[in-house]
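# Tertiary structure, described
Spelled out from the first residue to the last, the chains are:
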Amino acid sequence: MHAIKRSKLATLLLILGAAYCLLPVLWVLIASSKSASELFSTFTLMPSTHLWDNLVDLNGYRDGLYWRWMANTALYAGVGAAASTLISAMAGYALAKFDFPGKSAVFNTILAGVLVPGVILAIPQYLLLAKLGMTNTYWAVLLPSFISPYGIYLARIFAAASVPTEILEATRIDGSGEWRTLGTVVLPMMRTGLVTVFLFQFVAIWNNFMLPYIMLGDDRLYPITVGLSGLLNQGASQPAMYTAVVTGALVSIVPLIALFLTLQRYWQVDLAAGGVKA
Amino acid sequence: MSLTSTAPRKTEAPPAGSPRRRKAKRAGTPYGFLAPAMILFAAFLAAPIFYAAYLSLRKVKVSGLGLGSKSRTEIWAGLDNYTRSLTDPEFLPSVGRVGAYGLIVVPTMLGLALMFALLLDANRTRESIGKFARISIFLPYAVPAVVASLLWGFLYLPRVSPINDIAEALGFAGPNLLSADLTLFAVANIAIWGGTGFNMIVIYTALKAVPTSLYESARIDGASEMAIAWRIKIPIVMPSLVMTFVFSLIATLQVFAEPMTLRPLANTISTTWTPLMKVYRDAFARNDIYAAAATSVIIALATFILSFGFLKLVGRRAFNQED
């Protein structure tokens, strides 16, 4: 195997892997073009001509409820990830660049938080928010997504690597306040790392199912995951719903795939955090 | 959480020439920066954990006929809820199922992720193919578990599955991937599909951070690419492999979205198919939040024991804590 510049085996394995990963995406693209009767009768990978009709049907489902789910998802993921990134950046910067009593206790608590299985928190979070009368509101999904121990952990690494202590000293000698320094010097320096934190949290919220599933009763507040899961449940009694489910699944993955392809260079993830250190 | 009560200091410039005052002023700053994170941590991580632990030790006592609000009171239950959870005839099978699921998912997913990362890093294919493969394999990370389950769920249906079409064309009966024997593999495949690409990127990033000069002398000495992978590359990315393993383990124990989504398509998935589905059923279908809390605590403890036990076994701290 050595001394050959190109390996056929390597090429074959990579192409097989790519094919396996693309198969369901290719299928949903084809299936969205089929009518309800064709979905279960024609050959799986044989496209048809009903994509536009299916989109019109999806659009008409309960006065465009589907688009509301998409808008809700964008709101949950966008606002949740933005708030979480800012909160993580501040905390990570404090942990990386300041010495203060209780620092290691705070940091160790956050590290323990990284290993807490988030989904296990959902039911007690529901019960606590129910006591405050906040379940079945946008806040019930947004607030728990503002805190991300892993985001804080990453932000601490990025702050340690990208914010030189000498620059902080210089701003202090210039008499700049700490909060102003944070906004005008520190956050811009951490920018690249913060995009990664944002993307992580954005995808995590976009993909989340259990938290909104538990918190929300009103289907007008649903994100796309809970909405599609509900549509699929209806399909069991009304098979005509299956085309809406399939078309809805296709439309729902378009924005995230677009986001991935445009922001590829930020996906340099080092969980063990050796490589991002300067 | 008393740290959070320290208010952020004002931001005006300190008087010139008084470094001590400036230093005193700064003392409160880190607490101010940490305050939002610590308040949210307390409210949405710490409080729910303690609340779940508290509820797991409580139960409702019904007096008289159980009518009226006064007749139902909450009392201490000791470990009753835990005994009830552990002896529930549906609990152990669900644990066994998740155990088997984890044994399939974690090694297969990480094995594939490592293989693809090494293949990409070895650079033995045309660049365009490498790039295409990297993007394609990472793509499923952009697909939510619910949507992934939905897509695979349809592909598993004998009436839709291309495998069945091909099998029938050749004159066999195709397999029913949603039958009792195969459901576990069907669910595992969804998790493997969704997770391989992300883990591949993590390992690939770690590989790229290694200076190539490390391999070059080995190459000059005539070491094969295989030997370089085994003896140099894999040991170097070991810390990343350890962390991907721990995160995969945590994700495995809380499997919920995939089987919940597949249920309408597969009648072989019960409402207590995984421990977390049982927690959900107890809390919401049966209104027994005490049993649900006890089961949650058991899952959380099992997760901690497994992840810390594993880290201890490989002799590593969870994260690089030193700068």
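Residues numbered from 1 in each chain as written. Chains lettered and ligands numbered in written order. Predicted model: local features only at pLDDT ≥ 70, side-chain atom pairs only at ≥ 80, totals over all residues. Heavy atoms only, no water.

## Some thoughts on the overall build of chain A
Summing up its helical and strand segments, chain A has 14 helices and 0 strands in all. Going from the N terminus to the C terminus, chain A shows its helices and strands as α-α-α-α-α-α-α-α-α-α-α-α-α-α. Its C-alpha atoms give chain A principal-axis dimensions of about 75 × 70 × 30 Å. Counting all 278 residues of chain A, 56% fall into the buried class. Once local pairs closer than 6 in sequence are excluded, the contacts in chain A between residues at least 24 apart make up 74%. Surface exposure of chain A reaches about 11,400 Å², of which carbon and sulfur atoms provide 65%. Distance between charge centres in chain A, computed from 16 positive and 12 negative side chains, equals 9 Å. (Helix = DSSP H or I, 4+ residues; strand = E, 2+ residues; numbered from the N terminus. Buried < 20%, exposed > 50% of the residue type's maximum accessible area, 1.4 Å probe, protein only. Contact = heavy atoms within 4.5 Å. Areas by Shrake-Rupley, 256 points an atom, 1.4 Å probe, with all protein chains shown as cover. Lys, Arg positive; Asp, Glu negative; His and termini not counted. Charge placed at Lys NZ, Arg CZ, Asp CG, Glu CD.)

## With respect to the overall build of chain B
Secondary structure summary: chain B contains 13 helices and 2 strands in total. In chain B, which comprises 323 residues, the share counted as buried stands at 52%. Pairs at least 24 apart in sequence give 64% of the contacts found in chain B among residues at least 6 apart. By element, 64% of the accessible surface of chain B is carried by carbon and sulfur atoms, the whole surface being about 15,100 Å².

## Topic: the nonpolar core
Among the nonpolar cores identified, the biggest contains 180 residues, and A:Trp27 and B:Phe154 are the most heavily contacted of them. Of the domains in this structure, domain 1 (2-80) and domain 2 (81-313) of chain B are the two that each give at least three residues to this core. A:Trp27 has contacts with A:Leu39, A:Thr44, A:Leu45, A:Val246, B:Leu151, B:Phe154, B:Leu155 and B:Val160, leaving out every residue within four places of it along the chain. (Core = buried A, V, L, I, M, F, W, Y, C linked by side-chain atoms within 4.5 Å. Domains from an automatic or database assignment.)

## Things to note about the interface of chain B and chain A
By convention, interface size is frequently given as the accessible area that disappears when the constituent parts associate. Across the boundary between the two partners, chain B contributes 106 residues, which contact 109 residues of chain A. Viewed at the interface, chain A and chain B are joined by 0 salt bridges. Connecting chain B to chain A are 7 residue pairs in polar contact (both at pLDDT 80 or more). By residue number, the principal contributor to the side of chain B that touches chain A is helix α2 (residues 29-55) of chain B, which donates 19 residues. A breakdown of the residues in the side of chain B that touches chain A according to their chemical character gives 76 nonpolar, 19 polar and 11 charged. (Salt bridge = Lys/Arg side-chain N within 4 Å of Asp/Glu carboxyl O. Polar contact = N/O pair within 3.5 Å; in protein donor to acceptor, adjacent residues only side chain to side chain. Nonpolar A, V, L, I, M, F, W, Y, C, P; charged D, E, K, R; others polar.)

## Points about the packing of helix α8 (residues 149-162) of chain A against helix α11 (residues 191-207) of chain A
All names here are of chain A. The geometry of α8 relative to α11 is characterised by a closest axis approach of 9 Å and an angle of 170° between their N-to-C directions. Looking at the two axes, α8 sits roughly antiparallel to α11. Listed contacts from α11 to Tyr 150, Gly 151, Leu 154, Ala 155 and Phe 158 of α8 are Gly 193, Thr 196, Val 197 and Phe 200. Residues belonging to the contact of α8 with α11 are distributed by class as follows: 6 nonpolar, 3 polar and no charged. (Axes fitted to C-alpha atoms, helices over the stretch in contact; angles between N-to-C directions. Parallel < 35°, antiparallel > 145°, perpendicular 65-115°, else oblique.)

## Observations regarding the side chain of A:Ser32
All names here are of chain A. Mapped onto the elements, Ser 32 comes out in the loop between α1 (8-31) and α2 (36-39). Within the structure, Ser 32 has its side chain in polar contact with the backbone oxygen of Val 28 (distance 2.6 Å). In contact with Ser 32, not counting residues within four places along its chain, are His 50, Leu 51, Asn 54, Val 246, Thr 247 and Leu 250.

## With respect to the UniProt feature "transmembrane region" (unreviewed entry) in chain A
Residue and element names in this part refer to chain A. Taking the numbering used here, the UniProt-annotated feature "transmembrane region" (unreviewed entry) corresponds to residues 12-30, 74-96, 105-127, 139-161, 182-206 and 240-261. Counted over residues 74-96, helix gives 100% and strand 0%. Its end C-alpha atoms are 32 Å apart. As a span, residues 182-206 carries 96% helix and 0% strand, and end to end its C-alpha atoms are 29 Å apart. (UniProt positions renumbered as here; feature names shortened; annotations may be inferred.)

## A look at helix α6 (residues 145-156) of chain B
Its 12 residues give α6(B) an end-to-end C-alpha distance of 16 Å, which sits within 8% of 16 Å, the value for a rise of 1.5 Å per residue. Among the 12 residues of α6(B), 11 are classified as buried, and the element is accordingly described as predominantly covered. Restricting attention to buried positions, one finds in α6(B) the residues B:Val146, B:Val147, B:Ala148, B:Ser149, B:Leu150, B:Leu151, B:Trp152, B:Gly153, B:Phe154, B:Leu155 and B:Tyr156. Buried positions along α6(B) lie against α1, α13 (224-235) and α14 (241-262) of chain A together with α7 (162-169), α8 (183-208) and α11 (257-262) of chain B. (Expected span 1.5 Å × (residues − 1).)

## Remarks on the UniProt feature "transmembrane region" (unreviewed entry) in chain B
Mapped onto the present numbering, the UniProt feature "transmembrane region" (unreviewed entry) falls on residues 31-54, 98-120, 132-155, 182-207, 236-257 and 289-311 of chain B. With 75% helix and 0% strand, residues 132-155 of chain B has its two end C-alpha atoms placed 24 Å apart.

## Notes on unusual backbone geometry
One non-glycine residue, A:Arg62, adopts positive backbone phi at about 40°. Counting through the fold element by element, A:Arg62 comes out in the loop between α3 (51-60) and α4 (65-97). Judged by relative accessible area, A:Arg62 falls into the partly exposed class, the value being 46%. Positive phi, close to 60°, is recorded for B:Asn123, a residue that is not glycine. Assignment of secondary structure puts B:Asn123 in the loop between α4 (91-122) and α5 (127-138). Under the relative-accessibility criterion, B:Asn123 is labelled exposed at 54%.

## Details of a nonpolar patch on the surface
Residue and element names in this part refer to chain A. Together, Leu 26, Phe 43, Leu 45 and Met 46 make up an exposed nonpolar region whose accessible area comes to about 340 Å². Among the structural elements, Met 46 can be located in the loop between α2 and α3. Using a relative accessible area of 46% as the deciding quantity, one classes Met 46 as partly exposed. (Patch = residues over 30% accessible without salt bridge, like charges linked within 9 Å, V, L, I, M, F, W, Y side chains within 5 Å.)

## What to know about the pattern of salt bridges
Residue and element names in this part refer to chain B. A complete count under the given rule lists 13 salt bridges over all chains for this structure. Two residues, Arg 281 and Glu 90, come together in a salt bridge whose shortest N-O distance is 3.4 Å. You can see Arg 281 sitting in helix α12 (residues 275-285) and its partner Glu 90 sitting in the loop between α3 (80-87) and α4, a full 191 residues away along the chain. Salt-bridge contacts for Asp 121 lead to Lys 233; the nearest nitrogen and oxygen are separated by 3.0 Å. Residue Asp 121 is found in helix α4, and its partner Lys 233 is found in helix α10 (residues 225-253); the two are separated by 112 residues along the sequence.

## Remarks on the domain arrangement of chain B
Residues and elements named next belong to chain B. Taken domain by domain, chain B consists of domain 1 (2-80) and domain 2 (81-313). On the domain 2 side, the residues contacting the 12 residues of domain 1 number 9 residues. Both sides together, the interface formed by domain 1 and domain 2 hides about 810 Å², and carbon and sulfur atoms give 59% of it. Applying the counting rule to domain 1 against domain 2 returns 0 salt bridges. The interface formed by domain 1 and domain 2 includes 10 residue pairs in polar contact (both at pLDDT 80 or more). Looking at the side of domain 1 that touches domain 2, the elements that each hand over two or more residues are α2 and β1 (58-62). Along the lines of polarity and charge, the residues of the side of domain 1 that touches domain 2 split into 7 nonpolar, 1 polar and 4 charged. (Buried area = accessible area lost by both parts, 1.4 Å probe.)

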